[in-house]
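Fold and geometry: a report
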Amino acid sequence: MGLMSNVDLFKSSTLIKLSAFVFVSVVFFYLGKQWSQSDAYQQILFFSSNQSPKPVSSSSVSLSPNFNKTFNLSSLFNHTASTLSPPQQQQQQIVVASTPPPPPPAVKRMGVVDENGVMTNDFEVGDFDPEAVENSGQQEEEATSNGGGQTQTFKINKFQVCPESLREYIPCMDNLEAIKKLNSTAKGERFERHCPEKDQGLSCLVPAPKGYRTPIPWPKSRDEVWFSNVPHARLVEDKGGQNWITVEKDKFKFPGGGTQFIHGADKYIDQMEKMVPEIAFGHNTRVVLDVGCGVASFGAYLFSKNVLTLSVAPKDVHENQIQFALERGVPAMVSAFATRRLLYPSQAFDLIHCSRCRVNWTRDDGILLLEVNRLLRAGGYFAWAAQPVYKHEVVLEEQWEEMENLTTNLCWNLVKKEGYIAVWQKPLNNSCYLSRKDGTQPPLCDQDYDPDKVWYVDLKPCITRLPEDGYGANVSKWPARLQNPPDRLQSIQFDAYISRKELFKAESKYWNEIIESYVRVLKWKNFKLRNVLDMRAGFGGFAAALIQNRLDCWVLNVVPVNGPNTLPVIYDRGLIGVMHDWCEPFDTYPRTYDLLHAAGLFSIERKRCNITTIMLEMDRILRPGGHVYIRDSLAVMDELQAIGNALGWRVSIRDTSEGPHASYRIFIGDKNLLRT
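This is a predicted model, so every value here is computed, not measured. Each chain carries its own residue numbering, running from 1 in the direction its sequence is written. Selection of residues for local features in this predicted model requires a pLDDT of at least 70, selection of side-chain atom pairs for listing and counting requires 80 or more, and totals for whole chains, interfaces and linings are taken over all residues. With hydrogens and water stripped out, all remaining heavy atoms of the structure feed into the side-chain values.

Once that is clear, we can look at the overall build of the protein chain. Secondary structure elements are taken from DSSP: a helix is a run of H or I of four residues or more, a strand is a run of E of two residues or more, and numbering for both begins at the N terminus. Summing up its helical and strand segments, the protein chain has 18 helices and 21 strands in all. Counting all 676 residues of the protein chain, 50% fall into the buried class. Here, two residues are considered to be in contact whenever any of their heavy atoms come within 4.5 Å of each other. A sequence separation of at least 24 residues applies to 67% of the contacts in the protein chain between residues at least 6 apart. Methods summary: accessible areas were calculated by the Shrake-Rupley approach with a probe of 1.4 Å, and residue burial reflects only the protein chains presented. Carbon together with sulfur atoms contributes 52% to the accessible area of the protein chain, which is approximately 33,500 Å² in total. Note on classification: 1.4 Å probe, protein chains only; a residue is buried when its accessible area is under 20% of the maximum for its type, exposed when over 50%, partly exposed between these limits.

This paragraph deals with a negative patch on the surface. Among the surface-exposed residues, Glu 393, Glu 397, Glu 398, Glu 401, Glu 402 and Glu 404 lie close enough to one another that they form a single negatively charged patch. Of note, Glu 398 is situated in helix H11 (residues 394–409). Exposure above 30% relative accessible area and no salt bridge define the residues that can form patches, which grow by joining like charges within 9 Å and nonpolar side chains of Val, Leu, Ile, Met, Phe, Trp and Tyr within 5 Å. By definition here, a salt bridge exists when the distance from a side-chain nitrogen of Lys or Arg to a carboxyl oxygen of Asp or Glu is within 4 Å. Charge convention: Lys and Arg are scored as positive, Asp and Glu as negative, and His as well as the terminal groups of each chain are ignored. Charge placement uses NZ in Lys and CZ in Arg. For Asp and Glu, CG and CD serve respectively.

In this section: the sheet that holds strand S18 (residues 593–599). Through backbone hydrogen bonds, the strands of a sheet pair up, either in parallel or in antiparallel fashion. Only strands that DSSP links by at least two bridges are regarded as paired with each other. Spatial ordering of the open sheet is given by S17-S16-S15-S18-S19-S21-S20, a layout of 7 strands whose pairing is mixed. The two strands at the open ends of the sheet, each matched to only one other strand, are strand S17 (576–580) and strand S20 (650–655). Recorded for the sheet is a direction-independent mean angle of 20° between the axes of neighbouring strands. Where helices are involved, their axes are fitted lines through C-alpha atoms of the stretch in contact, as for all axes, and angles between N-to-C directions lie from 0 to 180°. Each of strand S19 (622–633), S20 and strand S21 (664–670) touches helix H18 (residues 634–646); the most contacted strand, S19, lies at about 160° to it.

Turning next to the nonpolar core. Of all hydrophobic cores here, the largest spans 147 residues; its most connected members are Trp 361, Phe 382 and Trp 524. Domain start and stop positions are those given by an automatic or database domain assignment. Here this core spans two domains, and each of domain 1 (264–435) and domain 2 (481–671) adds at least three residues to it. Counting 9 residues, the second-largest nonpolar core is a separate cluster that includes Val 230, Leu 235, Trp 244 and Phe 254. Here, the term nonpolar core denotes a set of buried Ala, Val, Leu, Ile, Met, Phe, Trp, Tyr and Cys residues that are joined through side-chain atoms within 4.5 Å.

Attention shifts here to the pairing of strand S14 (residues 421–425). Along S14, 4 of the 5 residues are buried, which leaves the element largely enclosed by surrounding structure. In terms of strand pairing, strand S12 (residues 376–385) meets S14 through 5 bridges, oriented antiparallel. Counterpart to Ala 385 in the pairing with S14 is Ile 421. Strand direction decides the pairing type here: strand S13 (residues 413–418) and S14, joined by 5 bridges, are antiparallel. For Leu 414, the partnering residue across the bridge sits in S14 and is Trp 424. Hairpin connection, S13 to S14: the antiparallel pair is bridged by 2 residues, and Gly 419 has positive phi, about 60°.

Below, the discussion takes up the state of the cysteines. Disulfide: a pair of cysteine sulfur atoms within 2.5 Å of each other. Evaluation of the coordinates by the stated rule reveals 6 disulfides. Between Cys 354 and Cys 357 runs a disulfide, and the two sulfur atoms are separated by 1.9 Å. Disulfide Cys 354-Cys 357: torsion about the S-S bond near -80°, hence left-handed. Using a relative accessible area of 1% as the deciding quantity, one classes Cys 354 as buried. The exposure class of Cys 357 is buried, given its relative accessible area of 7%. The disulfide that involves Cys 583 links it to Cys 609, with 1.9 Å between the sulfurs. As the torsion about the S-S bond is roughly -70°, the Cys 583-Cys 609 disulfide counts as left-handed. One end of the pair, Cys 583, is in the loop between S17 and S18; the other, Cys 609, is in the loop between helix H16 (602–605) and helix H17 (611–621), with 26 residues separating them in the sequence. Looking at Cys 609, the relative accessible area reads 10%, which means it is buried. By sequence order of its bonded cysteines, the protein chain has the disulfide arrangement 1-4, 2-3, 5-6, 7-8, 9-10, 11-12.

To continue, consider the pattern of salt bridges. In the structure shown here, the tally under the stated rule is 30 salt bridges. Between Glu 168 and Arg 167 there is a salt bridge, with its nearest N and O atoms 3.2 Å apart. For the pair shown, Glu 168 and Arg 167 are each scored as buried. In this structure, Glu 224 engages Lys 251 in a salt bridge whose closest nitrogen and oxygen atoms are separated by 3.0 Å. Highlighted residues: Glu 224 in strand S5 (residues 224–226) and Lys 251 in strand S7 (residues 251–253), separated in sequence by 27 residues. As far as burial versus exposure is concerned, Glu 224 and Lys 251 are alike and both buried. Several salt bridges share partner residues, and in doing so they unite Asp 350, Arg 377, Arg 481, Arg 488 and Asp 572 into one network.

A few words now on the packing of helix H13 (residues 500–521) against helix H14 (residues 541–548). Running from N to C, H13 and H14 cross one another at 50°; their axes reach a closest spacing of 8 Å. With respect to H14, the axis of H13 lies oblique. By crossing handedness, the relation of H13 to H14 is classed as right-handed. For the pair H13 and H14, the contacting residues are Glu 507, Trp 511, Asn 512 and Ile 515 in the first and Gly 541, Phe 542, Ala 545, Leu 546 and Gln 548 in the second. Reported orientations rely on four angle classes, namely roughly parallel under 35 degrees, roughly antiparallel over 145, roughly perpendicular from 65 to 115, and oblique for the rest. Crossing handedness is defined as follows: a turn of the near helix away from the far one that is anticlockwise and smaller than a right angle gives a left-handed crossing, while the clockwise case is right-handed.

Interpretation in functional terms is not warranted from these geometric data alone.
Right, here's the structure in full:
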């Protein structure tokens, strides 16, 4: 009986405990439910990385109703909220995002050595640290940049159109104020560069002539251009009898003649090649300089022989001759033989041509012919077509004797004198120079004399020594020289030595792949490109790639003054180029180029120059309807876009083939045919 009482008591106690547990559970469940549903209380937080809610099976975890909502946790901690300042309170706010963060950028390796120390072509050309750049801007076109982890806003005023008087404006050639201050102009100083002061440069958009039309494409443009594009008839009046240029209705026509070749440049070129078969245009002779070029018919007709001719002339009484050359689609620059070196390297040209070029080669002990000697490749030719060659007047015979004496002292060999033309050849090495009698003038230049230093360098009356190792003399024949790494690659001063040939080949491969994609995807062959400027050319890989992809255009390769001087390599490849400082205007007429290309230029130059000033100069030299392609750091893209819009270009930013997480982009700007 006592045992039964104990059992009943135990059951009764257990029942009470179970009942109490159930009751407490129900109460807590009810309170929790009320708390989570009430607006007066904070909800329980759940976090998810899913993109969107999806149906789940009974075996999966249910999604919280709080999914994808924003909550402020600061009020849950009232004891600390009162001690936080407003900025700190803002930092306490958490935004619950369902989108996963982007993957970190891939680690970039620079140079031509892989992780195993093996030379490789698989590397990135021309990249740099985007955090090392500075910023500048103006007001109204606005863009925001997050480069370097900081948000920056660029505001650029819309640029106004310049007065009609600036239609043919070349800033460093038309600086009348600076020219008036010159001590002398007797040696042609007024035809050299005299750039405006830093704050007095171009600040508006140079207008095109009324009635400007899309230029006639090459090769038809060799023979005719629109009158309205270069509306200057003075050359027709001055040179019409010499078969230079005529006017027919709304076009200028170019019969192909010149002062010394009125029967046509093609016959004149054939005569020269018959006189000296070793010239072999298009094989031995690939790069030519035409001095005092007129309307550049000599260079225009050499294109058919695979010869690239750079035509130069000053902006003188025939001031639009270079403009006619460029409108025809012939490489040309405003340049003069005066008191400074021309902006080309030593041993640049296989042949230099002067046909009645109005240069006194023997003045000042032959200092101008010494500049020709510097520019002429070892074993190269100088062709002179002028009255002293063939006329027998006393004064002209004296001039011929002076020329003979000077060229003899330069160790040039008179290869042939026939009709109007005399052709000399430069020696291949220094042996003749070193065997001259003591005191022979002009002297050899000092050993430490740098023949490739050209930016604002005065002429010096001495003979440029040839490299003892023969560099520059042993270039391949065309077209093999385009892809063969030249000897002078080893003389370029930059941080590589053993790997230079690999770097050269890698750059060529890099640009060839990019141009192939531009042709395929962006339809570059539809652009009808002719005149192209590469603003930071490196070894000329971009220009070589255009040739490889059979785009019928020529490229002027610019080597900036603040980088390695790669111009000798560019010329040894059979290409043309020039030294330039992009903080200053360029030596060409407005509306020169169909395409301006710049890779990695602005991220470097913005440390020295105003980007707006550079892009204003680009607008000046870009043809209406022309294109701008800039491949550069993501850090400069927003600023470039704001400036491009302020210039009135149609602007777009594209990803490179590396994808949206690459550190650089492609800026594309198209200049409208008509200003609005």
